[in-house]
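Commentary on secondary and tertiary structure
Below are the chains, spelled out letter by letter.
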Amino acid sequence: MLPTVKSLRFRLALGYALFFSVLLVALGLIFRANLASILDAQIRETLEEEWGAAKGYLRVEKSKPVWYSDPNDPEEAFVVEHLRHVYLLADEHGIPLQVSETYQKLGVDPPGEIRSALKSGQPVFHERADGGGVAYLIRGGVLRDGGRQYYLAIGRSLANPDETVSRFTVNYFALLPVLILIASYLGWLLAGRALEPVNSVALAAQRVGSDNLSLRIPSRGAGDELDNLIDRFNEMVGRLQKSFEQTRQFATDVSHELRTPLTAIRGQLEVALLTAETADEFRESLENAMRDVERLTSIVKALLLLSQAESGHLALQMRNINLSEITEFLVSEFEVPAEVGKVSLTARVHPGCVLQADRIQMERLLSNLISNALKYTPQGGSVHVSLEPDGDQVRLSVRDTGIGIPDEKLPHIFDRYYRVRERSDSSSQGLGLGLSFVAWIVKAHGGKLEVDSTVGRGSTFTVMLPRRQEAAAPVATPVKELHS
């Protein structure tokens, strides 16, 4: 696509051309003024030399000027003739004693001006033009001879200096359009080269779609603003790619997870409508459908809650809480599920572990870790929860003797919707959001989460949380041991 007059490249090139035009015109005027000044200084210096030479050849005898020169020296005769070409000699009253024909054409100095020049005793310079418009520079001054003062003025044509300045002006400003065109072309090329990365970003942005978000623009390596633009664009596309992947995965997993309870609800309702004959059969079908509705509701709530958390719309209610009491309570709540699953649930809780945190999120963190450990621990296994202070932090760990997690799957267990599935594991239920919640809660509280797992021997989840408490912790009491 060809650039238009509204394009940035055209405007940059036009601005460059205008700037260069103004610069060239200014330089031309400066050079012209300098040239005229140099030529003027040269001609004044020449006039000074010639005026001094005229004093050596000229004498006034009985009020008559006499030029002395060697008649046998043609060069000296030429110099005297040259000096007399534009020449005026006047007495102290301003009356001309001798005037050359050329000086006559320029106009003889008025007596008043001559007397003023003689009185000041300073050299006088002024310009005059003849009838043909040719300018002359006149140098006048005091000539002393025989005890009397005379006014001597000689001149020199400015035709050559003026012609030189005029020729320079004509040639320079005749060449100026060519220079401006060359500058404009260079400006066009430079603007195109400078905007090439921007055009690359624009073309890349035009090609970006949900099916090619892996597109990246290579950096130029210049470290300038354009490279910074490219880096920011690549980071934006990376965030878009991650968001699209999460959205795509969300749609896939949610459709799969919601299909099961919806199918079960439909089946129970069909049973109630088509095959149930007694009130007990109706009640049983409705109760089963109700359980599936509750499961569906919990799935939707979990998805909405995690979406709010990751988008930053879930505000934490930070206050001082006693994590020791919360841990003891939740461990006691999971004693019944542990007994049902024939898993030993124990805890070692150090009292007085007070920190500034969101109580609801801390309960969710503990519940997810404990329920996850119980779910993946077979009968006869054990789950141990420990809580203790560690400097200015609190250490919480949940250790189980479950199936463990393979090394290649460890980096993904905190991803949304990710579940570790083994062929021999038929109890892997849920949406895969529990550990995602755990990771978000730990991060939101400025903590650190570590996992140590061995396949067939179990896993240990360790959470380090900063205290950041506003009030002093309660006085410590003996460590409590809980068993089930």
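Up top is the structure.
What comes next concerns the included structure. (Residues numbered from 1 in each chain as written. Predicted model: local features only at pLDDT ≥ 70, side-chain atom pairs only at ≥ 80, totals over all residues. Heavy atoms only, no water.)

**Overview of the environment of Pro-110**
Secondary-structure assignment places Pro-110 in the loop between α3 (101-106) and α4 (111-120). Spatially, the C-alpha atom of Pro-110 lies 9.5 Å from that of Pro-96, the residues being 14 residues apart in sequence. (Helix = DSSP H or I, 4+ residues; strand = E, 2+ residues; numbered from the N terminus.)

**A look at the packing of aromatic side chains**
In the structure shown here, the tally under the stated rule is 4 aromatic pairs. Measuring from centroid to centroid gives 5.7 Å for Phe-168 and Tyr-172, while their planes differ by 25 degrees, and the two rings are stacked. Of this pair, Phe-168 and Tyr-172 both sit in helix α5 (residues 159-207), 4 residues apart, which is roughly one turn of the helix. Among the residues examined, Tyr-172 registers a relative accessible area of 14% and is labelled buried. A ring pair is formed by Tyr-172 and Phe-173, whose centres lie 5.3 Å apart and whose planes are at 80 degrees; its orientation type is edge-to-face. A residue is classified by how much of its surface remains accessible, and Phe-173, at 27% relative accessible area, is partly exposed. Taken together, the ring pairs connect Phe-168, Tyr-172 and Phe-173 into an aromatic cluster. (Phe/Tyr/Trp six-rings, centres within 6.5 Å; stacked < 30°, edge-to-face > 60°. Buried < 20%, exposed > 50% of the residue type's maximum accessible area, 1.4 Å probe, protein only.)

**Quick notes on the environment of Ser-459**
Tracing the sequence through the fold places Ser-459 in strand β14 (residues 458-466). Taking the C-alpha atoms as reference points, Ser-459 and Ile-403, 56 residues apart in sequence, are found 8.0 Å from one another. Excluding residues within four positions of it along the chain, Ser-459 makes contact with Val-398, Arg-399, Asp-400, Gly-404, Ile-405, Asp-452 and Ser-453. Within the local environment of Ser-459, its side chain forms a polar contact with the side chain of Ser-453, the two groups lying 2.6 Å apart. (Contact = heavy atoms within 4.5 Å. Polar contact = N/O pair within 3.5 Å; in protein donor to acceptor, adjacent residues only side chain to side chain.)

**Structural notes on the environment of Asp-227**
With respect to the helices, strands and loops of the structure, Asp-227 is situated in helix α6 (residues 225-275). Take Asp-227: its relative accessible area is 3%, and that puts it in the buried class. Between the C-alpha atoms of Asp-227 and Pro-197, which are 30 residues apart in sequence, the distance is 8.1 Å.

**What about the pattern of salt bridges?**
Counted under the stated rule, the structure contains 10 salt bridges. Note that Arg-156 and Glu-50 form a salt bridge whose closest N and O atoms lie 2.8 Å from each other. Placement of the pair is Arg-156 in strand β7 (residues 148-157) and Glu-50 in helix α1 (residues 8-57), with a sequence separation of 106 residues. For Glu-50, a relative accessible area of 13% puts it in the buried group. The partner of Arg-128 in a salt bridge is Asp-109, with the nearest N and O atoms 3.0 Å apart. A residue pair is termed long-range when its members are at least 10 positions apart, and Arg-128 in strand β5 (residues 124-129) and Asp-109 in the loop between α3 and α4 qualify at 19 residues. (Salt bridge = Lys/Arg side-chain N within 4 Å of Asp/Glu carboxyl O.)

**Observations concerning the pairing of strand β4 (residues 96-99)**
Looking at chain direction, strand β3 (residues 87-90) and β4 are connected through 3 bridges and run antiparallel. Considered in β4, the bridge of Leu-89 is made with Gln-98. Linkage of β3 to β4, two consecutive antiparallel strands, is achieved through a turn of 5 residues, within which Gly-94 is found at a positive phi near 90 degrees. (Pairing = 2+ DSSP bridges.)

**Some points on the side chain of Thr-102**
With respect to the element layout, Thr-102 can be found in helix α3. Take Thr-102: its relative accessible area is 15%, and that puts it in the buried class. Here the side chain of Thr-102 touches His-85 through a polar contact of 3.4 Å, landing on its backbone oxygen. Excluding residues that lie within four positions of it along the chain, Thr-102 makes contacts with His-85, Val-86 and Tyr-136.

**Observations regarding a nonpolar patch on the surface**
Taken together, the side chains of Leu-175, Val-178, Ile-182, Tyr-185, Leu-186 and Leu-189 define a hydrophobic patch exposed on the protein surface, amounting to about 550 Å² of accessible area. As for its placement among the helices and strands, Leu-186 is situated in helix α5. (Patch = residues over 30% accessible without salt bridge, like charges linked within 9 Å, V, L, I, M, F, W, Y side chains within 5 Å. Areas by Shrake-Rupley, 256 points an atom, 1.4 Å probe, with all protein chains shown as cover.)

**Some points on the pairing of strand β13 (residues 448-454)**
When β13 meets β14, the two strands line up antiparallel, connected through 7 bridges. The residue bridging Asp-452 from the neighbouring strand is Thr-460, located in β14. Connecting the antiparallel pair β13 and β14 is a turn made up of 3 residues, with Gly-456 showing a positive phi of about 85 degrees.

**A word on the sheet that holds strand β6 (residues 135-145)**
Each strand in a sheet pairs with its neighbour through backbone hydrogen bonds, running either in the same direction (parallel) or in the opposite one (antiparallel). One open sheet holds the 5 strands; their spatial order is β4-β3-β7-β6-β5, and the pairing between them is antiparallel. Looking along the sheet, the strands with just one partner apiece sit at the ends: β4 and β5. On average, each strand axis in the sheet is inclined to that of its neighbour by 20 degrees, with strand direction left out of account. Contacting β3, β5, β6 and β7, α4 crosses the sheet at an angle of about 110 degrees to β7. (Axes fitted to C-alpha atoms, helices over the stretch in contact; angles between N-to-C directions.)

**Digging into the packing of helix α8 (residues 323-333) against helix α10 (residues 359-375)**
Axis separation between α8 and α10 bottoms out at 10 Å; the angle between their running directions is 40 degrees. Taken together, the axes of α8 and α10 are oblique relative to one another. Judged by the twist between their axes, the crossing of α8 over α10 is right-handed. Contact residues: Leu-323, Ile-326, Thr-327, Leu-330 and Val-331 in α8; Arg-359, Met-362, Glu-363, Leu-366, Ser-367 and Ile-370 in α10. Looking at the contact of α8 with α10 residue by residue, the class counts come to 7 nonpolar, 2 polar and 2 charged. (Parallel < 35°, antiparallel > 145°, perpendicular 65-115°, else oblique. Left-handed = near helix turned anticlockwise from the far one by under 90°. Nonpolar A, V, L, I, M, F, W, Y, C, P; charged D, E, K, R; others polar.)

**Quick look at unusual backbone geometry**
Phi is positive for Lys-342, which is not a glycine, with a value near 55 degrees. Mapped onto the elements of the fold, Lys-342 is located in the loop between α9 (335-340) and β9 (344-349). Lys-342 sits in the exposed class, given a relative accessible area of 55%.

**Focus: α10**
Along its 17 residues, α10 runs 24 Å from first to last C-alpha, staying within 8% of the 24 Å computed at 1.5 Å per residue. Listed in full, the buried residues belonging to α10 are Gln-361, Met-362, Leu-365, Leu-366, Asn-368, Leu-369, Ile-370, Asn-372, Ala-373 and Leu-374. Here α10 starts with a cap whose side-chain oxygen sits 3.0 Å from the backbone nitrogen of Ile-360, and that cap is Asp-358. (Expected span 1.5 Å × (residues − 1).)

**What to know about the packing of α10 against helix α11 (residues 434-444)**
Running from amino to carboxyl end, α10 crosses α11 at an angle of 140 degrees, the nearest separation of the two axes being 9 Å. What the angle tells us is that α10 and α11 run oblique. As for how α10 packs across α11, the hand of that crossing is left-handed. Here α10 contributes Gln-361, Met-362, Arg-364, Leu-365, Asn-368, Leu-369 and Asn-372 to the contact with α11, which in turn contributes Gly-434, Leu-435, Phe-437, Val-438, Trp-440, Ile-441 and Val-442. Here the contact of α10 with α11 is built from residues that sort into 9 nonpolar, 4 polar and 1 charged.

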